[in-house]
Amino acid sequence: MLVAVGTWELQLPGCRSLKEKRSVLKPLTNRLANLNVSVAETGYQDRRHMAEIACAAVASDRTVAESTIRAVDSLIETTDGVRILDTATVYR
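Residues numbered from 1 in each chain as written. Predicted model: local features only at pLDDT ≥ 70, side-chain atom pairs only at ≥ 80, totals over all residues. Heavy atoms only, no water.

## Examining the overall build of the chain
Next up, step 1: Of the regular secondary structure elements, the chain holds 2 helices and 4 strands.
Next up, step 2: For the chain, the sequential pattern of α-helices and β-strands runs β-α-β-β-α-β.
Next up, step 3: Against the compact-globule benchmark of 12 Å for 92 residues, the chain has a radius of gyration of 13 Å, which places it among compact chains.
Next up, step 4: Here the chain, with 92 residues, has 32% of them falling under the buried criterion.
Next up, step 5: For the chain, the share of sequence-separated contacts (at least 6 apart) that also reach a separation of at least 24 residues comes to 71%.
Next up, step 6: Split by element, the accessible area of the chain, about 5,500 Å² in all, is 49% carbon and sulfur.
Next up, step 7: In the chain, which carries 12 positive and 11 negative side-chain charges, the distance between the mean positions of the two groups comes to 6 Å. (Helix = DSSP H or I, 4+ residues; strand = E, 2+ residues; numbered from the N terminus. Rg over C-alpha atoms; globule rule 2.2 N^0.38 Å. Buried < 20%, exposed > 50% of the residue type's maximum accessible area, 1.4 Å probe, protein only. Contact = heavy atoms within 4.5 Å. Areas by Shrake-Rupley, 256 points an atom, 1.4 Å probe, with all protein chains shown as cover. Lys, Arg positive; Asp, Glu negative; His and termini not counted. Charge placed at Lys NZ, Arg CZ, Asp CG, Glu CD.)

## Looking at the pattern of salt bridges
When the charged atoms of two side chains lie near each other, side chains of opposite charge can form a pair.
Next up, step 1: Following the criterion strictly, the structure yields 3 salt bridges and no others.
Next up, step 2: Note that E20 and R16 form a salt bridge whose closest N and O atoms lie 3.3 Å from each other.
Next up, step 3: For R62, the salt bridge goes to E66, with nearest N and O atoms at 2.8 Å. With a gap of 4 residues between them, R62 and E66 both fall in helix α2 (residues 62-77), about one helical turn apart.
Next up, step 4: Under the relative-accessibility criterion, E66 is labelled partly exposed at 26%. (Salt bridge = Lys/Arg side-chain N within 4 Å of Asp/Glu carboxyl O.)

## Details of the packing of aromatic side chains
Geometry of an aromatic ring pair is reported as the spacing of the ring centres plus the angle between the planes.
Next up, step 1: Here the structure, examined in full by the defined rule, presents 0 aromatic pairs.
Next up, step 2: The ring of Y91 has R62 sitting right over it, with the charged end atom 4.0 Å from the ring centre. (Phe/Tyr/Trp six-rings, centres within 6.5 Å; stacked < 30°, edge-to-face > 60°. Lys NZ or Arg CZ within 6 Å of the ring centre and 35° of its normal.)

## A closer look at unusual backbone geometry
Next up, step 1: A positive phi angle is found at N36, which is not glycine, with a value near 65°.
Next up, step 2: Within the secondary structure layout, N36 lies in the loop between α1 (18-33) and β2 (38-43).
Next up, step 3: Despite not being glycine, Y44 shows a phi value in the positive range, around 60°.
Next up, step 4: In this structure, Y44 sits in the loop between β2 and β3 (50-59).
Next up, step 5: Overall, the relative accessible area of 26% leaves Y44 in the partly exposed class.

## A closer look at the pairing of β2
Across a regular strand the side chains alternate sides, sitting on one face of the sheet and then on the other.
Next up, step 1: Two strands pair when backbone bridges link them, and β2 and β3 are joined in this way by 5 bridges, in the antiparallel orientation. Across the sheet, S38 pairs through a bridge with A56, a residue of β3. (Pairing = 2+ DSSP bridges.)

## Examining the nonpolar core
Next up, step 1: Formed by 21 residues in total, the largest nonpolar core has its most connected members in L10, L32 and I76.
Next up, step 2: Excluding residues that lie within four positions of it along the chain, L32 makes contacts with V37, V39, I53, C55, V72, L75 and I76. (Core = buried A, V, L, I, M, F, W, Y, C linked by side-chain atoms within 4.5 Å.)

Quick look at the structure:
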């Protein structure tokens, strides 16, 4: 068993309020959950233009875990109103 945890630091340039930020992040986290990962907003909760998302995936081997994290990265990258500033992944 392998656990992969990915984090993404995001910029949300179009958000003028925390309510707008939630309206961008909620659909994103719901779509990410459909990829069979656990998802949480883990940073910058009080900043309207920034967010940090973390996803955890449990897999039988590293190839499956890497594929899942790549799918998450791709989905985040193609989301309107979101720009990836930094990303990191840890495998255990």
